[in-house]
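Tertiary structure, described
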Amino acid sequence: MSVSDRNQIQTIFEEIYPKNARSKDPQRYAAMFTKAAVQMPPGVPDRYGRADIAAGYAEQVADKDLDPTLTAEEIQVMGDHGYVTGIAMVTVHPSDGSPSLQLKFRGLWLMKKEDGDWKIDRQIWNEKPQ
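Residues numbered from 1 in each chain as written. Predicted model: local features only at pLDDT ≥ 70, side-chain atom pairs only at ≥ 80, totals over all residues. Heavy atoms only, no water.

**Describing the overall build of the chain**
Along the chain, the regular secondary structure elements total three helices and six strands. Taken along the three principal axes of its C-alpha coordinates, the chain extends 45 × 30 × 25 Å. Taking the contacts inside the chain whose residues are at least 6 apart along the sequence as the reference set, 54% of them involve residues at least 24 apart. Here the chain displays about 7000 Å² of accessible surface, and carbon together with sulfur accounts for 52% of that area. A gap of 2 Å separates the mean positions of the 16 positive and 19 negative side-chain charges of the chain. (Helix = DSSP H or I, 4+ residues; strand = E, 2+ residues; numbered from the N terminus. Contact = heavy atoms within 4.5 Å. Areas by Shrake-Rupley, 256 points an atom, 1.4 Å probe, with all protein chains shown as cover. Lys, Arg positive; Asp, Glu negative; His and termini not counted. Charge placed at Lys NZ, Arg CZ, Asp CG, Glu CD.)

Okay, structure coming up:
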């Protein structure tokens, strides 16, 4: 495993993804995914490709702000593919002034090098007790 590849995946997971999730910019968010990515969030239908992922993200943040902190626990790289597992602690700030919520998720991302850059190819997560 290349240390550089591992570090790039960790940076995407712990720094770039949270920053883009906070941005409320669907195109910026979707750009982290491969062209043929599949996102499998809990409680809603799967999303296929960047356009569908962008639309789902826009719907998700339409009435709230997200403030996630992600911590990678395991990263493996196998050539141009890899995976990362970790924990996300997310503070949800509703736009209507309701109290903020604290949520905890465990995630598994399958990563793929596309045009020389690591992208999220498959993403699945589920909610965990605090």
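**Focus on the packing of aromatic side chains**
Under the defined criterion, the tally for this structure stands at five aromatic pairs. When the centroid spacing of 4.1 Å and the interplanar angle of 10° are considered together, the rings of tyrosine 29 and tyrosine 57 count as stacked. Pair noted here: tyrosine 29 is in helix H2 (residues 26-30) and tyrosine 57 is in helix H3 (residues 49-61), with a separation of 28 residues, a long-range link. A relative accessible area of 3% means that tyrosine 29 is categorised as buried. Cluster of aromatic residues (ring-pair linked, three or more members): Phe13, Tyr17, Tyr29, Phe33, Tyr57 and Trp109. (Phe/Tyr/Trp six-rings, centres within 6.5 Å; stacked < 30°, edge-to-face > 60°. Buried < 20%, exposed > 50% of the residue type's maximum accessible area, 1.4 Å probe, protein only.)

**What to know about H3**
Between the first and last C-alpha of H3 there are 19 Å, a value that for 13 residues agrees with the 18 Å anticipated at 1.5 Å per step. For H3, the complete set of buried residues consists of Gly49, Ile53, Ala54, Gly56, Tyr57 and Val61. Down the axis, H3 shows its buried residues gathered within 165° of arc, on one side only. Exposed side of H3, more than 90 degrees from the buried face: Ala51 and Glu59 are the residues found there. Of the surrounding elements, those touching the buried residues of H3 are helix H1 (3-23), H2, strand S1 (33-40), strand S2 (47-48) and strand S3 (64-78). (Expected span 1.5 Å × (residues − 1). Arc of directions from axis to C-beta.)

**Describing a nonpolar patch on the surface**
On the surface, Leu108, Leu110 and Ile124 cluster together into a nonpolar patch covering about 220 Å² of accessible area. Inspection of the secondary structure assignment puts leucine 110 in strand S5 (residues 101-114). Residue class for leucine 110 comes out partly exposed when judged on its relative accessible area of 39%. (Patch = residues over 30% accessible without salt bridge, like charges linked within 9 Å, V, L, I, M, F, W, Y side chains within 5 Å. Salt bridge = Lys/Arg side-chain N within 4 Å of Asp/Glu carboxyl O.)

**A look at the pairing of strand S6 (residues 117-128)**
As paired strands, S1 and S6 are joined by four bridges and run parallel to one another. When the bridges of S6 are listed, phenylalanine 33 appears paired with isoleucine 120. Here eleven bridges tie S5 to S6, and the two strands are oriented antiparallel to one another. Within S6, the residue paired with methionine 111 across the bridge is isoleucine 120. Where S5 folds back onto S6 in an antiparallel hairpin, the turn is made up of two residues, including aspartate 115, whose phi is positive at roughly 55°. (Pairing = 2+ DSSP bridges.)

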